[in-house]
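Understanding the architecture of this molecule
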Amino acid sequence: MLAIQTIADGLVLGGLYALSAVGFSLIFGVMGVVNLSHGAIVMIGAYLTWFLWHAGGVDPLLAIPLVMAVLFAAGYAAQRGLIQLAVERSSLLASMLLTFGMALMIRNTLVLVFSPDLRSITPAYAAHPLILGAVVLDPLRVAALAASLVLLGLLAFVLQKTRTGRTIRATAQQELAARLCGVNARHVYGLTFGVAAAFAGASGAILGIVLPFSPPDESLWTLNAFVVVTLGGIGSPSGALLGGLLLGLISTGTSQVIGPSFPNAMMFLILVLMLLLRPSGLLGNAFAGSR
Amino acid sequence: MRMSRRSLVTMAGGTILAAPALRRAAAQAKTITFGGSVPLSGGAAETGLNVNNGYATAVKFINETFGGVEVAGAKYRLELKLFDDASDPSRAVTLIQRQLDEGVDFFLGSFGSPIVLPTAAITERAEKPMVQAGGGSDQIFTQGFKYVFGFFPRATRQFISTADFMHSLKPALSNYSLIFTNDAFSKTAAQGVINSMKEQGIPLLESYTFPETITDASSVLASIRAKTPDALVCMTHDQDNLLLAKQMIATGTNVNYLFQGLGPQLGSFRETLGAKANGIFFQTYWDERAPLQDKFFGTPARFAAYYKANYTRPIAYHVSAGAACIVTYIEAMQKAGSLDPVKVRDALAGIDISTQYSRIKFTEQGDGDPVIMGPWIGQVVKGQAEVVAPAAAKTAEYTYPTPAWDKRV
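Residues numbered from 1 in each chain as written. Chains lettered and ligands numbered in written order. Predicted model: local features only at pLDDT ≥ 70, side-chain atom pairs only at ≥ 80, totals over all residues.

Now for the overall build of chain A. When its secondary structure is counted, chain A shows eleven helices and two strands. The secondary structure elements of chain A, listed N-terminal to C-terminal, are α-α-α-α-β-β-α-α-α-α-α-α-α. On C-alpha atoms alone, chain A measures out to a radius of gyration of 19 Å, which is about the 19 Å that the 2.2 N^0.38 rule sets for 291 residues. Each principal axis of the C-alpha atoms in chain A carries an extent, and together these give about 60 × 45 × 35 Å. In chain A, which comprises 291 residues, the share counted as buried stands at 54%. Taking the intrachain contacts of chain A between residues at least 6 apart in sequence as the baseline, contacts between residues at least 24 apart amount to 79%. (Helix = DSSP H or I, 4+ residues; strand = E, 2+ residues; numbered from the N terminus. Rg over C-alpha atoms; globule rule 2.2 N^0.38 Å. Buried ≥ 20, exposed ≤ 12 C-beta atoms within 10 Å, placed from the backbone. Contact = placed C-beta atoms within 7 Å.)

Printed below as a string of structure tokens:
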């Protein structure tokens, strides 16, 4: 029975990892930019949600659309105003340094505004365990998994079925060809960064109800996103979902079978193996970031 | 107003001529400078800010109220020269080395054993004292350092009073499980739990080691639900303990006695858990209602009142400990009758004074005496952090066995 519990816990945790990584994956896949401020954007999402819950009593799950809208706008503006300039005037490496700087600035701004103290979002339904036979589940984590699946499904739909999604994918595959077909690549990059920031914000909202957080946690979520993307493949929600679920299962499985101090070691061992054996990830594609 | 070239030259010349006199005036205002680093940002900042505020409160109060301190017949104002180490040991080491190069003689500690340990090694080599209320790892006190003095007993000795209390509970605890993280403080503190509980004859059912930061404890909690220990002892940090408590509540993982070393003392922790925090046991080193006397502040209550009048940040025991570090230094300087770092170090080694934090007496290795400076037993009662043992400091009665999570409303 402990095995079933472990698998259930792993899937729930994996859903969180997947959602937190999909924005990172999209930017990496479409623009080839390693966004080192990804975790910081996740934290902004967590703090915005905390603020809405704490000051206005807004349920954290209901706050997600608002948080996504705010971060979409901020992400679009940051890409068009900063990152695009760095990429055009210098190199992709410059964009990496720029996003690293952005991460430091966001982290310290959050410390100034919200203090370095721990914050946590605890809605009323947090205290009622979900009992399915012998398996006991944390209702917050189950809600988080459900929200992650819905949002990832929505993103997959947008990318696969809408004109905007097709434009993003076309630009990711062949920027020059897309430009020749009349696509405004700069606008597409802005949209991509905006969508990625919105999903990072949504994952922050969900992480906020599951984990206590403080500004320095941003580096953890950038690192986790990197591992998930390497595992699952770059640029697609399905890759992020697969990578996230695998990481969740590896984490809880290792914790149960080998010991709770080993999930990180196992995670990085698998990261190294993936980079050696299949660098494009399990569901790798032809996007620029995969090549 | 326009200034002519002539008047500008006259003013500049006057300033240059007056400079030696200004320097002399500055030299007459004698100061005692305390150097060091504190984590004002990064992972340790929450408690780092408390320690920093403690240092700052004492210096401000003593300068404002007494105009400074008198050492060997001369009056000195106190000055702090603290920098943000961003919770980064390597950054802290660089900052401390720079201060040593600049001639700072007396150091205050950062927060967290991973930072205190390497910085203490540098001040030790330079033969400059460090008084700190932020590092309890055994490694700080078992390497033969002579110049480092810590307010907390070393980690392996911090659980003695709690184990004794747990042994006294009725109905008796039949066993316990232990959770700790893989870092310098938590590992040694966990060893202290094992040693102390063994002495009290309470058997260990299972121990679980997590990495330095916990992001998920579901599999461990599943194991705890399956094995049902009487008590669960969490020798983990604030953030980890909050996560553990939240996951225990959400999965209905109940034990008769839940101990969390760090976290329940903080208002933010109790506010997050609400009524569910009631019943969680912890250790505390200070309470503003304690019957103690301090040469400068008078009582803990007066210290707390002064702090609250000057800071909006809630008071915590690390604030009190930080302030007591300054008081301890001053008393040692006055006892030594000198500001020579070696003489002050010798005075610190033999000090035995009462402060608003606690009676201060160090062991030969420099950590807090485990009996005199050991922790009290606390429990969250009606949302407040109360002292439930020993009897002399008790502020509330304890509840044991604690009710199941769903009964705490």
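Bringing the overall build of chain B into the picture now. When helices and strands are tallied, chain B shows 13 helices and 15 strands. Taken against the 2.2 N^0.38 rule, which gives 22 Å for 409 residues, the C-alpha radius of gyration of chain B at 24 Å falls within 12% of a compact globule. With the principal axes as the frame, chain B shows a C-alpha extent of 90 × 50 × 35 Å. Burial statistics for chain B: of 409 residues in total, 55% are counted as buried. In chain B, the proportion of contacts linking residues at least 24 apart, taken out of those at least 6 apart, comes to 68%.

On to the packing of helix α2 (residues 38-56) of chain A against helix α4 (residues 92-114) of chain A, then. Two numbers describe a pair of packed helices, the interaxial angle and the distance between the axes. Residues and elements named next belong to chain A. Between α2 and α4, the least distance of the axes is 9 Å, while the angle of their chain directions is 25°. Overall, the two elements α2 and α4 adopt an arrangement that is roughly parallel. The way α2 lies across α4 gives a crossing that is left-handed. For the pair α2 and α4, contact is made by Gly-39, Ala-40, Met-43, Ile-44 and Tyr-47 and by Met-102, Ala-103, Ile-106, Arg-107, Leu-110 and Phe-114, respectively. Tallied by class, the residues present in the contact of α2 with α4 amount to nine nonpolar, one polar and one charged. (Axes fitted to C-alpha atoms, helices over the stretch in contact; angles between N-to-C directions. Parallel < 35°, antiparallel > 145°, perpendicular 65-115°, else oblique. Left-handed = near helix turned anticlockwise from the far one by under 90°. Nonpolar A, V, L, I, M, F, W, Y, C, P; charged D, E, K, R; others polar.)

Now for the domain arrangement of chain B. Residues and elements named next belong to chain B. Considered domain by domain, chain B is made up of domain 1 (30-152 + 288-361) and domain 2 (157-284 + 375-407). Listed per partner, the contact involves 14 residues of domain 1 and twelve residues of domain 2. Broken down by secondary-structure element, the contributors of at least two residues to the side of domain 1 that touches domain 2 are α4 (113-125) and α5 (138-141). Sort the elements by how many residues they give to the side of domain 1 that touches domain 2 and α4 lands first, with three residues. (Domains from an automatic or database assignment.)

The next subject is the packing of helix α9 (residues 218-232) of chain A against helix α11 (residues 263-277) of chain A. All names here are of chain A. Where α9 meets α11, the axes come as close as 9 Å, and the angle between the chain directions of the two elements is 45°. Considered as vectors, α9 and α11 are oriented oblique to each other. Where α9 crosses over α11, the two elements pack in a sense that is left-handed. Listed contacts from α11 to Val-227, Thr-230 and Leu-231 of α9 are Met-267, Ile-270, Leu-271, Met-274 and Leu-275. Grouping the amino acids of the contact of α9 with α11 by side-chain chemistry returns seven nonpolar, one polar and no charged.

Looking now at the interface of chain A and chain B. Taken residue by residue, the interface counts 33 residues in chain A and 35 residues in chain B. If you list the elements that add at least two residues to the side of chain A that touches chain B, you get α1 (2-31), α4, α5 (139-161), α10 (237-257) and α11 of chain A. The element that contributes the greatest number of residues to the side of chain A that touches chain B is α1(A), accounting for five residues.

Right, let's talk about the nonpolar core for a bit. Membership of the largest hydrophobic core comes to 211 residues, with the highest contact counts inside it found for Ala18(A), Phe199(A), Ala202(A), Ile206(A), Val228(A) and Cys325(B). For this core, the element with the most residues is helix α8 (residues 185-210) of chain A, which contributes 16 residues. Per-domain counts for this core show at least three residues from each of domain 1 (30-152 + 288-361) and domain 2 (157-284 + 375-407) of chain B. Not counting the four nearest positions on each side in its chain, Phe199(A) is found in contact with Leu19(A), Val22(A), Gly23(A), Leu151(A) and Leu155(A). (Core = buried A, V, L, I, M, F, W, Y, C linked by C-beta atoms within 7 Å.)

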